[in-house]
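Per-entry structural report
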Amino acid sequence: MKKVLTLLSAAALLISLNAIDAMSARDYISIVGSSTVYPFATVVAEQFGKTTKFKTPTIESTGSGGGLKLFCAGVGAEHPDITNASRAIKSSECKACFENGVKEIIEVKIGYDGIVVANAKSAPMMKLTRKDLFLALAKDVPDPKGGENLIPNPYQTWKDVNSSLPNQKITVLGPPPTSGTRDAFVELAMEAGAKEFGFIKAMKKTDKKRYKAVCHTVREDGAYVEAGENDNLIVQKLDKDPTALGIFGFSFLDQNADKIKGAFVDGVEPTFDNIADGQYPVSRPLFFYVKKAHIGTIPGIAEYLKAFSAEATWGPDGYLSEKGLIPMPEAERMKFAKDIQMLIPMECK
Amino acid sequence: MNKMPQPTESSVGSCRSRTIDIVNRGLKRRYRAERRFKIYGITAIALSLVFLALLFITIVGNGYSAFRQTEIKLDVYFDPMEFKDKLAADANYLAIVKDAMRSLFPDVSGRRDKRSLYGLVSTGAAFQMRNMLLKDRSLIGQRIPVWVPADDDVDMLVKGHMDRGLPESDRRLKDKQLAWIDQLAADGRLHKAFNFSFFNNGDSREPELAGIRGALMGSFYTLVVTLLLSFPTGVAAAVYLEEFAPKNRWTDIIEVNINNLAAVPSIVFGLLGMAVFLNFFGLPRSAPLVGGLVLSLMTLPTIIIASRASLLSVPPSIREAALGVGASKNQMVFHHVLPLALPGMLTGTIIGMARALGESAPLLMIGMVAFIVDIPGGLTDPSTVLPVQIFLWADSPERAFVERTSAATMVLLAFLITMNALAVVLRKRFEKRW
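Just so it is clear, the structure is predicted and the values come from calculations on it, not from any experiment.

Turning our eyes to something else, we now look at the domain arrangement of chain B. All names here are of chain B. Here the domain parsing of chain B yields domain 1 (66-195) and domain 2 (213-430). Taking only C-alpha atoms into account, the centre of domain 1 sits 46 Å from that of domain 2. Listed by partner, the interface residues are nine residues for domain 1 and seven residues for domain 2. Note on domain 1 versus domain 2: buried area summed over both sides is about 660 Å², and carbon and sulfur give 60% of it.

Quick look at the structure:
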């Protein structure tokens, strides 16, 4: 019994010693943020860890909002150095950062991500417009009989929405409201579709709150199925059910081109080239934000930024493009590469 | 029965026959009910067995192929020119691999074609060359055959997860690449070998390089902390509450709270861990130390409840006999009751540990759901755990991660089954029946 007790107390001592050791500075980069940027940032981090003398950065997938919250909590080794985001930082977040002492933030755009609406390879090719997407997925839509009033979404099949579409029940698998992909989809596809109705567009000026609610609220009668954050699961379900459509990032279409195909949106097919030159309408920029105060205290941040902004990384032939990231045009790449080199902080709007 | 039956007899007789009739009449129904109940029970067990079998079949069916990895044989030449005025660590090993690929297919030209040719081998090949050379400098100037891991797309093709019949645009591998792969196979330069890197590497974004070593070490450190904290604390709490504590309102409240704690959803412990250990004590994020602290909070109630039950099952006669021969209360507990109750306590602890091993939700809040490549070497190194690794791989777009997800699940299940079997064996061997 005595032996056990001494053993246990020795172990407890060891743990507490270790804990004290941990209080001192961190020697690896800590990155948090968007699950959309995660597959790209991790590749860079891994390469960085293998090719330099620095430790491999750790990357947590917390979502864009969660990442910025952690990032803005303060300066010091216990706070992350970089946060990934699938949208630009909001002015409220920027202010929160400033109030917590995170005064200088470097914004880096890394490329674009297309959001695709896809269905199974065996299903008929869908040629959608953003207006179709709005009418099929919004909670309230303009009365099909005409007039300027909104009624609960009556459409049951795609043919009801647009007579050129197949007579197929509307089933769309997509991300839940916590996802950045969902935010971008409602903004880029549904809101743009809603704007084609003159009276809704006019509402933006008169009643902005109502306008947002109309454009951004997804129907809840079972036609839109929240399929969780796991895009692989959506791909598998689409493969099983040819009548369903799914919404996810382009990289999943790219990796699963033998099982699913992307629907045309406004007459443009979601291909690498079409997203890269901006023709495909539903695409968004991806970012990461760097805490300038940590550069120099946490080893390797400047080198990581340099590795990320190398042409071999984010250029058109870089390894990130192989993972499905759509590179920025050359001028934009040059601009951000320069920002990184000079460590120019952004300004809060 | 007589013609003139006695009134009393007849009434007794008819009464008796009536009871028997009622019993007889009901008998069939009661037997039926019993049979029905048995059938319900058997169906329930059969159903759960079917689901279990289904689970195992899908996981093993998906995952067994991940234990083998496709490799390509290259004739690597460590060109002395390359090492002339550079440190061996800084040499361009990627170029060495590319040269070796080109020497196999000398007639491939054009930037695009060369790129797709180089794409057949894993990016890990260059690191493999580097490690080989750093271990043995005498390789410089030699030409040696080396098996290097193939790219995950090649691996998927060889394992039959990619359909050659599809049109070229729908395949990750193009027609030219298929022709090269076929030629490699014909030359005996393509084979499947046991996937050592799956057990030796940390996480990676390249499926062919990704392994579970980092997650296993993370799970190990986390569980060590959990065990060291929760077992002694849990047993001490149980012994005090069961043997020494007065029975009053306070101990009642404590007991109710321990039982409530056992039913708290695990994510709540994660939130608590974030607030207390990270924000208040300033411990590092993603560390197994904090993970262990959080998980020990979670397993404590399980261990206390199991330990108390096992103390309670020690018969009072043992206690009375010990006290009767003059043992103090302390001696009675530590010399007689505790040793008898220990097997039951250990069983409870192992089951609590198995639950902690399979837990991922509370670790989300303290930053252990993260991409971590370096294998953790201590309690405060950033690390992740096995269930989290499974979750992260399940979410990765690359096709080859599907089989790796299942393979990692198989490893996790193997550990869980071993731990539960250990608990059963311990109970069978050491448990005393009174």
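Turning our attention to the packing of aromatic side chains. Residues and elements named next belong to chain A. Using the criterion set out here, one finds 19 aromatic pairs over all chains in the structure. An angle of 5° between the planes, with centres 5.8 Å apart, marks the rings of F48 and F54 as stacked. In this pair, the class of F48 matches that of F54, namely buried. Ring centres of F288 and Y304 lie 6.5 Å apart, and the angle between their planes is 50°; on these two criteria the pair is classed as tilted. Placement of F288 in strand β13 (residues 283-291) and of Y304 in helix α13 (residues 301-308) is noted, with a sequence separation of 16 residues between them. Side by side, F288 and Y304 carry an identical accessibility label, which is buried. The residue whose ring lies beneath R26 is Y28, and the NZ or CZ to ring-centre distance is 5.7 Å. The cationic tip of K103 hangs over the ring face of F98; the distance from NZ or CZ to the ring centre is 5.6 Å.

This brings us to unusual backbone geometry. Glycine aside, negative phi is the norm for most residues, and most peptide bonds take the trans geometry. For A:D266, which is not glycine, the phi dihedral falls at a positive 50°. Relative to the helices and strands, A:D266 is located in the loop between β12 (264-265) and α12 (272-276). Of note in the backbone geometry, B:S286 takes a positive phi value of approximately 60° without being a glycine. In this structure, B:S286 sits in the loop between α10 (266-280) and α11 (288-312). Exposure remark for B:S286: the relative accessible area of 3% places this residue in the buried category.

This paragraph deals with the interface of chain A and chain B. Across the boundary between the two partners, chain A contributes 40 residues, which contact 37 residues of chain B. Overall, the association of chain A and chain B removes approximately 3,800 Å² of surface from exposure, summing both partners, and the carbon and sulfur fraction of that is 52%. Across the contact surface, chain A and chain B share four salt bridges. Its salt-bridge partner being B:R399, residue A:D258 comes within 2.8 Å of it at the nearest N-O pair. Inspection of the chain A/chain B interface yields twelve residue pairs in polar contact (both at pLDDT 80 or more). Of all the secondary-structure elements, those providing two or more residues to the side of chain A that touches chain B are α1 (2-23), α2 (38-51), β2 (58-60), α10 (231-240) and α11 (250-255) of chain A. Within the side of chain A that touches chain B, the residues separate by chemical class into 15 nonpolar, eleven polar and 14 charged. Relative to strand β4 (residues 370-371) of chain B, β2(A) is paired through two bridges, and the arrangement is antiparallel. Bridging from a neighbouring strand, A:E60 pairs with B:A370 of β4(B).

Cut-offs and rules
- Residues numbered from 1 in each chain as written.
- Chains lettered and ligands numbered in written order.
- Predicted model: local features only at pLDDT ≥ 70, side-chain atom pairs only at ≥ 80, totals over all residues.
- Heavy atoms only, no water.
- Domains from an automatic or database assignment.
- Contact = heavy atoms within 4.5 Å.
- Buried area = accessible area lost by both parts, 1.4 Å probe.
- Phe/Tyr/Trp six-rings, centres within 6.5 Å; stacked < 30°, edge-to-face > 60°.
- Buried < 20%, exposed > 50% of the residue type's maximum accessible area, 1.4 Å probe, protein only.
- Helix = DSSP H or I, 4+ residues; strand = E, 2+ residues; numbered from the N terminus.
- Lys NZ or Arg CZ within 6 Å of the ring centre and 35° of its normal.
- Salt bridge = Lys/Arg side-chain N within 4 Å of Asp/Glu carboxyl O.
- Polar contact = N/O pair within 3.5 Å; in protein donor to acceptor, adjacent residues only side chain to side chain.
- Nonpolar A, V, L, I, M, F, W, Y, C, P; charged D, E, K, R; others polar.
- Pairing = 2+ DSSP bridges.

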